[in-house]
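An overview of the molecular structure
What follows is each chain in one-letter form.
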Amino acid sequence: MNYSNIIFPINFYQKCFKLSNEDFFIKVDKRNFIEMVFEEINFLVVEIGFGKGDFLIHYSSDYPNKQFVGIEKSDNLVKEVAKRLERNGIRNVRLINAKAEFALYFLFPDSSIDMVIINFPDPWPKKAHIERRLVNSNFLKLLSKKLKKGSSIYFSTDVENYKDFVIDSLRKIDSLKLENVILGFWEERYQTKYLKKWLKQNKKIFSLHIIKMY
Ligand SMILES: C[S@@+](CC[C@H](N)C(=O)[O-])C[C@H]1O[C@@H](n2cnc3c(N)ncnc32)[C@H](O)[C@@H]1O
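Residues numbered from 1 in each chain as written. Predicted model: local features only at pLDDT ≥ 70, side-chain atom pairs only at ≥ 80, totals over all residues.

Another aspect to go through is the site of the ligand. Taken together, the neighbourhood of the ligand is formed by 22 residues, with G49, G51, A100, T192 and Y194 sitting nearest. Every element with two or more residues in the shell around the ligand is listed here: strand 3 (67-72), helix 6 (100-107) and helix 9 (193-200). Looking at the shell around the ligand, its residues break down into 10 nonpolar, 5 polar and 7 charged. (Near = placed C-beta within 6 Å. Helix = DSSP H or I, 4+ residues; strand = E, 2+ residues; numbered from the N terminus. Nonpolar A, V, L, I, M, F, W, Y, C, P; charged D, E, K, R; others polar.)

Let us look at the pairing of strand 6 (residues 147-157). Of the pairings in the sheet, the one linking strand 5 (residues 113-119) to strand 6 comprises 6 bridges and is parallel in character. Counted as the bridge partner of M115 is S152 from strand 6. Two elements, strand 6 and strand 8 (residues 206-212), share 6 bridges in a ladder whose sense is antiparallel. Bridge pairing in strand 8 links S152 to I211. (Pairing = 2+ DSSP bridges.)

What follows concerns the packing of helix 6 against helix 7 (residues 137-146). Close contact between helix 6 and helix 7 brings their axes to 10 Å; oriented N to C, the two are set at 30 degrees. Helix 7 is crossed by helix 6, and the crossing has left-handed handedness. Along the contact surface, helix 6 presents E101, L104 and Y105, while helix 7 presents F139, L142 and K146. Within the contact of helix 6 with helix 7, the residues separate by chemical class into 4 nonpolar, no polar and 2 charged. (Axes fitted to C-alpha atoms, helices over the stretch in contact; angles between N-to-C directions. Left-handed = near helix turned anticlockwise from the far one by under 90°. Contact = placed C-beta atoms within 7 Å.)

Taken as a whole, helix 8 (residues 160-170) has its buried residues at Y162, K163, V166 and L170. Buried residues of helix 8 fall within an arc of 105 degrees about the axis and therefore sit on the same side. Across from the buried face of helix 8, at angles greater than 90 degrees, the exposed residues are E160 and D168. Looking at the buried residues of helix 8, the elements they touch are helix 7, strand 6, strand 7 (176-183) and strand 8. (Buried ≥ 20, exposed ≤ 12 C-beta atoms within 10 Å, placed from the backbone. Arc of directions from axis to C-beta.)

Now for unusual backbone geometry. With a phi close to 50 degrees, S111 is a non-glycine residue in the positive phi region. Positionally, S111 belongs in the loop between helix 6 and strand 5. Classification of S111 by C-beta neighbours within 10 Å gives partly exposed; the count is 13. Of note, N202 is a non-glycine position whose phi angle comes to about 55 degrees, a positive value. Relative to the helices and strands, N202 resides in the loop between helix 9 and strand 8.

To continue, consider the nonpolar core. Within the largest apolar cluster, 44 residues are counted, with the highest numbers of intra-cluster contacts made by V46, L56, I71, V81, A103, V116 and F155. Top element by residues in this core is helix 6. It accounts for 5 residues. Contact partners of F155, with chain neighbours within four places excluded, come to I118, V135, V166, S207, L208 and I210. (Core = buried A, V, L, I, M, F, W, Y, C linked by C-beta atoms within 7 Å.)

Written as C-alpha cells, this is what we have:
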C-alpha cells in the first residue's frame, strides 16, 4: 500500500461522530502507528503547527532520508499543505489534522521522536490568556516523554515573554536542558509565513534549542 502523504483527519472524524479525544484516539494502537505510516524510520522529525507548510515542505524535500510528521489543528491548512506535498512529489511527510497535545499523547510511542520543531506558535501575549499557550510545562513534559535521549526541540517566537515563559517552564523538567538561546530564527536556510511577516515588521525573533538529556 502506498502511504504517501496520508492525512489523518482526526478533527474531521471527531466532528462528524462527536467523539471525545479519548474515544477517538484510544482505538489507535500507538505502538504501531509510526511503523504503519512509514515503511522505514531513520530519523523522525515532528513539526507542530506547520501553518502554510513552507518550512515543512522545504526541510523535508532537502532531507528525503528523514521522516516528517506535521501536526496542525486547522483542517483547511492541512488540506492545502497535502496538495502542495503531492504537487512537489514529496514522499517522506505524513500530516495529522489534530491538536498536537492529543496526537502526541495518543499516537506516538515514548522515546520515538528525533526532533520536534515549533515555529511561531500562537503567542497569546496578554497576561489573561497565558494559560492558552501550547508550550507550557505540561506540554514540555509530554514532549520529553516522546523524544529520544539526545534529541532536540527547536522553538521560535517573536514574543519575548513567550520565550521567557518557556525558559521558566523548562526549569521544572529535569530531563530537558536549555542548550542555546538564539537571537534570530534557528534555521537560516528556511523561512515560514510568520517569520517573513515579523521580519518585514522589524520584530526581534527568539529561538530556543532544547535537548532531551535522558
Ligand atoms: C502563528 S501560526 C504559525 C504557523 C507556522 N508555523 C509559521 O511559522 O508560519 C500557529 C499555527 O499553529 C496551529 N496550532 C495552534 N494550536 C495548535 C495545536 N494545539 N495543535 C496543532 N496546531 C496548532 C495554528 O492552526 C496555526 O497554523
